[in-house]
Structure formats: C-alpha cells, structure tokens
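Coordinate inspection notes
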Amino acid sequence: MLSAQQQPRSGAAIRLAFLDFYTARGHRLLPSASLVPDDPTVLLTIAGMLPFKTVFLGQKPRPAQRATSAQKCIRTNDIENVGRTARHHTFFEMLGNFSFGDYFKEQAICWAWELSTEVFGLDPRHLVVSVFHEDREATSIWTETVGVAPHRIVPMGAADNFWSAGPTGPCGPCSELYYDLQPEKGDEAINLEDDERFIEFYNLVFMESNRNADGVLTPLANKNIDTGMGLERMARILQGKPNNYETDLIYPLMAAVARRSPLEDYLAASTDQQTSLKIIADHSRAVTHLIADGVTSSNLGRGYVLRRLIRRAVRHGYLIGIREPFLESLVDVVVKVTGSAYPQLQQRETAIKRELKQEELRFRDTLERGEKRLGEILTTQPERISGSQAFELYDTHGFPLELTVEIAQEHGLGVDQEGFAAAMEIQRQQARAAAVNVDLTRGGVAEGLAAKLGATPFSGYQQLNDESEVVALIVNGEAAQQALQGDAVQVGLSRTCFYGESGGQVGDRGVVLGATTAGQPMEMIVEDVQKVDGFVLHKGRLVSGVLHLGQVVVTRVDHFCRRRAQIHHTATHLLHEALKRVVDPAICQAGSLVDFNRLRFDFNCPRSVAASEMEQMESLINGWILEAYSLEVSQMPMAEAKARGAVAMFGEKYGDVVRVVNVPGVSMELCGGIHVNNTAEIGVVRLVAESGVAAGIRRIEAVAGPAALAYIKPRDQACRELGERFKAQPTEIVARVEALQAELKHTSKALAASREALALAKAKALVDQAQSNGAFQLLVQRLDGVEPAALQTAGQALVDQLGPGAVVVLAGESSPGKVSLVAGFGPQVVARGLKAGAVIGALAKGCGGGGGGRPHLAQAGGRQPENIDAVLEAGQAQLVRALSQSPPPEPQRRRRKSTRKTSSAG
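Description of the structure in this document. Since the model is a prediction, treat every value here as computed from it, not as a measurement. (Residues numbered from 1 in each chain as written. Predicted model: local features only at pLDDT ≥ 70, side-chain atom pairs only at ≥ 80, totals over all residues. Heavy atoms only, no water.)

1. Overview of the sheet that holds strand β24 (residues 647–648)
The four strands are arranged β23-β25-β26-β24 in an open sheet whose pairing can be described as mixed. At either end of the open sheet lies a strand with only one pairing partner, and these are β23 (632–637) and β24. Where β24 lies against strand β26 (residues 667–670), two bridges are found, and the strand directions are parallel. Its bridge partner lying in β26, Ala-648 is registered against Leu-670. The strands touched by helix α18 (residues 559–582) are β24, β25 (657–663) and β26; relative to β26, the strand with the most contacts, the crossing angle is about 115°. (Pairing = 2+ DSSP bridges. Helix = DSSP H or I, 4+ residues; strand = E, 2+ residues; numbered from the N terminus. Contact = heavy atoms within 4.5 Å. Axes fitted to C-alpha atoms, helices over the stretch in contact; angles between N-to-C directions.)

Below you can see the structure in the form of structure tokens.
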C-alpha cells in the first residue's frame, strides 16, 4: 500500500493514478472520445463504454485486448437534481478499464480491490460490495480470493446489477464497490440506497451472455469486461468532502462565480445561493467541453442541450445578483482545472469564449423581460401556468419552457405542458423539417442507400469536372423523388469527382448544375461531402431550379478549396516523416485532420516535442519542398506495398490492392487522399503548435501554402507595430516587454504598499473619534477610496490600538459601484457574544451584498454605495444597544442528562 503522502488526492492525480495502474498491467491507453458520439442512437456520449459499444456488439474489431481511458460524459436526464444532491452532474468523467475477450471476473475484481485499497488507500472496513444475486462466481471471488466478509456483500436484483445493451445482444451481471461514510452504524443496517451513507464509486460489468429475441441467454464465446469509476465521486471520498462540488474538480468554479457576484464568497452564501453556484459550476464545465467538441447553440438536438445549459446557468447567475456576462470568464477556470487532461480546451479556447459570450448576451436580452412577465402572471395567483401563458413566454419573450417549469415549481405551481405542446405544433413541424441538420448521415436512410447502391465510383483524381446521374436524393432526412429551391438536400450520384471525407481529409466543396426548369437553371451548392460505407453523399442546398432522381447533372469541384486540401495532405505526409527522423523512428500516426486552412497530426510519443526539434522539423520539411520532388502515385498489392516499406494512414480501410503515395527518397504511405503533383506546389509549411492530447499522445498543428501566408501576415504586422511603439528591432521586442513587466511588477508592489500605508494613516486619524460605551470603544466610520485588503489591515490596526474592548466597523466605496466593509472586535467584545462575521454580513445586505468571517475580524462587499451612510448609521445604533445590554449568563459547567430520545439524524 502507498503511504499517505504518496496516495493521490487531487482530481488530476486520481485520474493519472487510475490510468497508470492499468497501463502498467498491459492496457492500451486510449484518449477520451468526443462528447459527440459516432452513434446514431444517442445524442451525446453518456457513458465511458459508449465509444466501445460497437466492439462489444461485434460490429467493429477491438482496438486492443485490454484498454483504459478517462472518458468525458454528458447526461441531462436528471438535470433537476444537479446542484441539489451531493453527486448529480451534467458533465462528469468516467475512468474505465476494458477487456475485449481477454481477462474476466477474477482479474477485474482483484485489480479493482487492489486499486481501491492499495493505490487509493481506502480502508477495507469502509467498503461494501454489491453483486447480482444469481452470480455465485463473483460472490465466491469476493469472499474467497479477495477476502471480503460475507456480511459486507449485498446481493441485488437485475434492475440494479444486470447490464444489457438492449432487449437483445450482449449482457451480463454487475458488481459494484460502495464507500461507507458511516461504518460505525454497523453491518446489520446496510441499505445501499442510502445516499447519505453509501457512495457507489466503481462498477464492474461482466459481459458473459447473449440474449436472443426469446429472452434466452447463451454464453458468449469471448467474454468482456466493462468498468467505470466516477472521478468526481472518488475525489469526494479521498478529499473528505461532503459532496462532489467541494472537490478541487469543481470548487474553483464555484469560488470564481461567487467572486463575480455580490456574495464574493461561497461559504457566505445561503443554501439556495449555494445551489445556484453549484448549478453554474456544473453547467460551465459541460458547455465548455461541448463547444470544444464542436457543438454550437441551436434549437435542435445537441445544440439545444447546449443552449439549455447556458441559459440555465445565466438564470442562476441572475438569481445571485450577477448582472453582467460572466460565463466567458469561467472558461479560464475550466481550462486550468482540466486542460492538462483535455488539451483541446486550450486549442479551442477562443472559439469557446466567443460562443458563450454571444449566447449569453442573446439570452440576457430576453431573460429580464421574460422573468418580469412571468412575475406578472404569478401575481394573479393562478392554480397553474396555462399552456397559452407558457407559449407566450416562449414565443414573445424567448423564455424557455424548462425555465418556466423550474420557476413555477419554486412557487409550488405546475405548468400545462400539453397545452404548450399544442400551441407549439407549427414550430414542431418546422423543427422536424430542420432535423436534417442533426446526425443525418448516421441515420438509416443513408445507410440503406449505401447497402443498395454500393460504393460510388470516384473520378476526382484525374478531373475536377464530370457528368453524372442523380441516383439518390434525400430531402429533410427522408428519401425523395425531387427537391425544390431552398431545400436542404443530400445527393447520391452514379459517379463523382468530389472527394468524400475520409482518411482525415475533409470533403470537397463546389456546385452541381443541371437543366433549366421554368426559366431557372438548377444549381446546388455543395457544402460538404461524406462517405457512408463507400457511398458518397453530396450535402448542400438547392439555390435555384428543381432537382429530381434520374437527372443528368454536371459536377464542378471548387478548385481553390481542393488545391488547399491537397497542399495540407501532402504536408501531413512530410510532417510524419520529419517526426520519425527528428524525434523518434518508432512514431506512428494516431489521428489526423486535413482541412482547407490547416492540418492536425496526432502521434504516439511519451514526451513533448522540444522547440528546437520543431524548428529542425520545419526546416527539414521546407527543404523537401524546395527540392521539388515529383510525387509518384501507384496501385499495388498490399503485400508488395508492405514489402516496399509503405506506411498505413490512420483511419483508412485497405483492400488487397492499395494506393501508394510516394515522395521519392522521403516518404511512402498507403493513402486514398488527394495530393499535389510536386512538393514545390506546397510553397511553405509553418508548424504553429505542439500539445498533448492524452497520456502518450501528442499533437502538432500546422498551416501550409496560402494558409501559411494568411497565418504569418497578421503576426508580422503586429511585430512591426510593436517594434515601432517600443522603438526596437523585432529581435529586441521580447527583452523590452520583459523589462516593462518587471517595472510594472515593482511599481504595483510599491503602489500596494503606499495604499496600505495611506489606509493606516487614515485609520490612525480616526482613533480620536471612537466613542466610549462602558468598557468598550466604538468606532463606526466611512472610509472611501480604500481597497478591501487595505481596509481590513486598517480595521485590524484600529482594534489593536483601541484595545480589548474595541468595536470597529469601517465601510466605503473602494471603487466606483463597489462597497467594501470590515468589522473588527476586541476579545472582550467577542466574549460578550458579538461576532464580527454575523454583524458584517447583516450590514452588507443593506448594500446589496454579503460576506462574513471570523468572530474577531470579518469582511464583506456590496454593490450599492448609495446605502453606505444609512447602513453605518443603523449599524452604530444596533451596536450601541448590544453593548448596553447585560452580558449573557455564563454557561453551566454541568448539564443534567436529557431523558428525551433523539433521532440519529439529529
């Protein structure tokens, strides 16, 4: 067992310890899949096993015999519990280890126990195990092999401890590990549904059977293991927190939100306010990761989930007094907490902030009006909100139905959602028509066409214009005979010169042209091209004319976009070879993106690539470009290609005969993508970023050709402008900036010291104004223009100067629109029962804020400086009365034993 100092405690350390434990035991470390799953049956990635679902169902080959991952997940089915219970979240991380026909029950159970007790250091006396009541094998392993006492093993029914992918298919029993927060209650009252006592943190699924349509179970030839450990739950256990939200995975977000609000401190908030802080913190994690994975706000599908979470977070910010946009600022905190595990957050940070800012501003325009109108409806004291009223709020004010329901519930009312649905029928029809925008190519229509028509012949290697026939047409998600102007369409052709997205390269752009009908020529703008099992679908919009099945059309690829894609694809091959030569010959590709404006290359490497290595690779690549190598593209048997040393490209599927792209003397790879004829056509390559994607996986991003020039131009302009401002050469700018930073830091420290000295001077001038009240010295004064920290220093100095009977309250406008308050009490005052935290918290409410602290010194803030004088006057009167009253009686030294029975909860 690891020592207490070695045992992981932080969320990041727990995640790493889990992954290290299983990689050391032969598991392949896989990066988290996107929250947007490659699965048409689900909207979002809701479980750690979802990326392996097709493997478990036997539809795809296994990535390895053993695998482990930290998978980000999103669930919104129980969103009403988020922030109100200790463990419910929309965004969470699932740590998993998987066996695809390799080890089974005994090894999975023993490793789970070893990890829990020896790596994480959990006391076995705090652990309880659940098993499927018919699974005698698992029960035997737990008792005889691991040594768990039988009375700490709880048999449960199929509803709790039997997993299945659906009515038919792979399935099997589960065994779960629970942490007992109250072991002193003993083993006789174990009820695993008691959330206050037990936390389920590790679930082991033993996939051992196949269920047929009649419900009959037969053993699987290859048995699988699927496990999941909730990172947030384990962090709560190891950090000794009362709930998941107060762990280092989420608390920094709550603290950041509190600082943006009049509350200023999470601990000073009421129960309802803390719930709002929890909801905002949870939702900020979810929306940041959703946008990072490419989801944008809309009224459909994933976009609607994102929009709902953003709006819910904004409303709860509104409830705690935040009147300015704030979600954008929380992205920095999310990146700081989880950016090392999910580097795409940093890479997409600008886009994430832009999306959040736009959506929050859009919603704030309607939130205040909607809440005002809803408030007017509530003042009529209805029995419930009618469907027409809910629809009015939605249609006129943009107020989401979910918020109407939530606010109504807070007032003990219901909402006529059936009436709302009836009023929304027209909008529902429009939503169904627009459903083409969500997962269209993943649906059954496209896959059925692919199965019926087969792979589409591709002529785009030789030409960018072609003539073809429309063999398939999808309009608004359904097969159709014709499409009209304005329709969103997907078109299948008898042959195509458009490249369909594959092998990391994006699909072509261009137009499809056809015959004139009623004076209008048919023109379709092709916005994307996708492959479904080799069948190519041209996605876009019909801008004029009529398109119908059997029509002969002319296809034209956008030469400019194709050229930029070619440049980036060939540059990707050169980068792959440069990595092998400069960093490590064993490097293999782990993923790629070839876009019109950039390339991204993922590869296996246990360390970061040094800046000097990046420079060396960039020079090597551009040297190959200058050498003007002519590419050789040929078809050959797979065996011959392997013998010649050709490298396979990630994500490609190969047959017996393969296409080989050869840069003579430099690179040879199997690739079906589009390339330049000569490396000189690339022009220039610039490597712009290197980062980690997951443990052992690195990523390099680059730009080439015209995109490289577009990348360099604004940076060159900024460098020139900085040089002019600093009167320095470009090579001198960094040194000048460092000197200015050092100077600013020194000046800031000097300014802070001066402000504190000024505050102390002002404080000393107030000593003579203290009023005697018996044994107490009372000083209540306004002190403007003093920052909160300096005001606290001044308050403590006055208490020290006035003595043990000092009662000091200071308040002022520290900056425009911001109030700072401080209360300091001497020991005699505290002994009398007065507490600075309680006093300052009450006074702060009068200034539209809150706060608190220790009995002898406390601080608060507010946003209503116009109330300062009135608050101080009322506070002084309250303190005079409190100090004039008789002191409370001394507590009795001995108490008589109570005969009244109390509940254990009390």
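2. Observations regarding the nonpolar core
If you look at the biggest cluster of nonpolar residues, it comprises 109 residues, and the most contacted ones within it are Leu-115, Phe-120, Leu-122, Trp-142, Phe-201, Tyr-202 and Met-229. Ranked by the residues each element gives to this core, the list is headed by helix α8 (residues 271–292), at eight residues. If we ignore the near neighbours within four places in the chain, the residues touching Tyr-202 are Phe-18, Tyr-22, Asn-97, Ala-112, Leu-115, Ser-116, Ser-175, Glu-176, Leu-177, Thr-227, Gly-228 and Met-229. Core analysis: the second largest hydrophobic core is formed by 31 residues, Met-614, Met-617, Ile-625 and Cys-671 among them. (Core = buried A, V, L, I, M, F, W, Y, C linked by side-chain atoms within 4.5 Å. Buried < 20%, exposed > 50% of the residue type's maximum accessible area, 1.4 Å probe, protein only.)

3. Quick look at the pattern of salt bridges
Counted under the stated rule, the structure contains 36 salt bridges. A salt bridge links Glu-137 to Lys-105, with the nearest nitrogen and oxygen atoms 3.3 Å apart. Here Glu-137 is found in helix α4 (residues 136–146), whereas its partner Lys-105 is found in helix α3 (residues 105–119), with 32 residues between them in sequence. For Glu-137, a relative accessible area of 43% translates into the label partly exposed. Given the relative accessible area of 2%, Lys-105 is considered buried. (Salt bridge = Lys/Arg side-chain N within 4 Å of Asp/Glu carboxyl O.)

4. Considerations on the sheet that holds strand β29 (residues 771–773)
With respect to topology, six strands assemble into an open sheet ordered β29-β30-β31-β32-β34-β33, the strand pairing being mixed. Of all the strands in the sheet, just β29 and β33 (850–853) have a single pairing partner and so form its edges. Neighbour to neighbour, the strand axes of the sheet diverge by 15° on average, direction disregarded. Alignment of β29 against strand β30 (residues 776–782), held across three bridges, turns out to be antiparallel.

5. Examining the environment of Ser-820
Tracing the backbone shows Ser-820 in strand β32 (residues 818–825). Judged by its relative accessible area of 2%, Ser-820 is buried. Spatially, the C-alpha atom of Ser-820 lies 9.3 Å from that of Ala-789, the residues being 31 residues apart in sequence. In this structure, Ser-820 is in contact with Pro-788, Leu-791, Leu-810, Ala-811, Gly-812, Ser-814 and Ala-860, ignoring residues within four places of it in sequence. Here the side chain of Ser-820 touches Ser-814 through a polar contact of 3.2 Å, side chain to side chain. (Polar contact = N/O pair within 3.5 Å; in protein donor to acceptor, adjacent residues only side chain to side chain.)

6. Comments concerning the layout of surface pockets
Reported here for the second largest pocket is a volume of approximately 1300 Å³. Around the second largest pocket, the lining comprises 45 residues; the ones closest to its centre are Ile-46, Arg-75, Phe-92, Met-94 and Glu-200. Of all the secondary-structure elements, those providing two or more residues to the lining of the second largest pocket are β3 (91–100), β6 (162–164), β7 (169–180), β8 (198–211), β9 (217–230) and α6 (231–239). The class makeup of the residues in the lining of the second largest pocket is 21 nonpolar, 11 polar and 13 charged. (1 Å grid on protein atoms, 1.4 Å probe; cavity = no way out; pocket = protein on both sides within 12 Å on 5 of 7 lines; lining within 4 Å. Points joined across faces, edges and corners; volume = space filled by probe spheres on them. Nonpolar A, V, L, I, M, F, W, Y, C, P; charged D, E, K, R; others polar.)

7. Side note on the environment of Arg-15
Here Arg-15 lies in helix α1 (residues 11–23). A relative accessible area of 6% places Arg-15 in the buried class. When the C-alpha atoms of Arg-15 and Leu-95 are compared, they prove to be 7.2 Å apart, with 80 residues separating the residues in sequence. Those residues within four positions of Arg-15 in sequence are excluded, and the remaining contacts are Ala-70, Glu-93, Leu-95, Leu-231, Leu-249, Thr-338 and Ala-341.

8. Description of the packing of aromatic side chains
Within a pair of aromatic rings, the relevant descriptors are the distance that separates the centres and the angle that separates the planes. Tallied over the full model, the rule gives 17 aromatic pairs. Geometrically, the ring pair formed by Phe-18 and Tyr-22 is tilted, given 5.0 Å between the ring centres and 50° between the ring planes. Placement of both Phe-18 and Tyr-22 in helix α1 is noted, with a separation of four residues, approximately one turn of the helix. Both residues of the pair, Phe-18 and Tyr-22, belong to the buried class. Judged by centre distance (6.2 Å) and plane angle (65°), the rings of Phe-104 and Phe-206 are edge-to-face. Taken together, the positions of Phe-104 in the loop between β3 and α3 and Phe-206 in strand β8 put the pair 102 residues apart, joining distant regions of the chain. In this pair, the class of Phe-104 matches that of Phe-206, namely buried. One aromatic cluster is present, formed by Phe-18, Phe-21, Tyr-22, Tyr-103, Trp-111 and Tyr-202 through successive ring pairs. Over the face of the ring belonging to Tyr-499 we find Lys-531, whose NZ or CZ atom lies 5.6 Å from the ring centre. (Phe/Tyr/Trp six-rings, centres within 6.5 Å; stacked < 30°, edge-to-face > 60°. Lys NZ or Arg CZ within 6 Å of the ring centre and 35° of its normal.)

9. Points about the pairing of strand β28 (residues 697–704)
Of all eight residues making up β28, eight are buried, and the element is well covered by its neighbours. The side-chain alternation of β28 yields two buried faces, one formed by Ile-697, Arg-699, Glu-701 and Val-703 and the other by Arg-698, Ile-700, Ala-702 and Ala-704. Where strand β22 (residues 599–604) meets β28, six bridges bridge the pair, whose relative direction is antiparallel. The residue of β28 that forms the bridge with Arg-600 is Glu-701.

10. A word on the packing of α8 against helix α9 (residues 301–319)
Where α8 contacts α9, the axes come no closer than 9 Å and their chain directions differ by 150°. Relative to α9, α8 is oriented roughly antiparallel. By crossing handedness, the relation of α8 to α9 is classed as left-handed. In this structure, α8 contributes Ser-276, Ile-279, Ile-280, His-283, Ala-286, Val-287, Leu-290 and Ile-291 to the contact, and α9 contributes Leu-306, Leu-309, Ile-310, Arg-312, Ala-313, His-316, Gly-317 and Leu-319. (Parallel < 35°, antiparallel > 145°, perpendicular 65-115°, else oblique. Left-handed = near helix turned anticlockwise from the far one by under 90°.)

11. Structural notes on the state of the cysteines
For the structure on display, the rule yields zero disulfides. The thiol of Cys-561 is unpaired, and the distance to the nearest cysteine sulfur, on Cys-497, comes to 14 Å. In this structure Cys-561 comes out as buried when scored by relative accessible area, which is 15%. The thiol of Cys-605 is not disulfide-bonded; the next cysteine sulfur, from Cys-588, is found 11 Å away. (Disulfide = S-S within 2.5 Å.)

12. Topic: the pairing of strand β17 (residues 520–532)
Pairing analysis gives seven bridges linking strand β16 (residues 510–517) to β17, with the strands arranged antiparallel. Within the sheet, the bridge partner assigned to Thr-516 lies in β17 and is Pro-521. In textbook terms, the turn of a hairpin is the stretch between consecutive antiparallel strands, and for β16 and β17 this stretch comprises two residues, one of which, Ala-518, has a positive phi near 55°. In terms of strand pairing, β17 meets strand β18 (residues 535–544) through nine bridges, oriented antiparallel. What sits directly across from Glu-523, in β18, is Ser-544. Linking β17 to β18, which pair antiparallel, is a turn of two residues; within it Asp-533 sits at a positive phi near 55°.

13. Some words on helix α21 (residues 706–726)
If you check α21, its first and last C-alpha atoms are 30 Å apart, about what 21 residues at 1.5 Å a residue would give, namely 30 Å. Within the span of α21, buried status applies to Ala-707, Ala-708, Gly-723 and Phe-726. Buried-residue contacts for α21 involve α18, β28 and α22 (733–766). In the segment just after α21, Lys-727 is the residue with positive phi, at about 55°. (Expected span 1.5 Å × (residues − 1).)

14. What to know about the packing of α3 against α4
At a closest axis distance of 10 Å, the pairing of α3 and α4 adopts a crossing angle of 50°. It follows that α3 is oblique to α4 by the angle criterion. For the crossing formed where α3 meets α4, the hand is right-handed. Here Lys-105, Glu-106, Ile-109, Cys-110 and Trp-113 of α3 lie close against α4, whose contacting residues are Glu-137, Ala-138, Ile-141, Trp-142, Thr-145 and Val-146. For the contact of α3 with α4, the residue count by class is seven nonpolar, one polar and three charged.

15. Re unusual backbone geometry
Peptide bonds are mostly trans, and most non-glycine residues show a negative phi. The phi dihedral of Ala-628 is positive, around 55°, even though this residue is not glycine. Structurally, Ala-628 is set in the loop between α19 (611–626) and β23.

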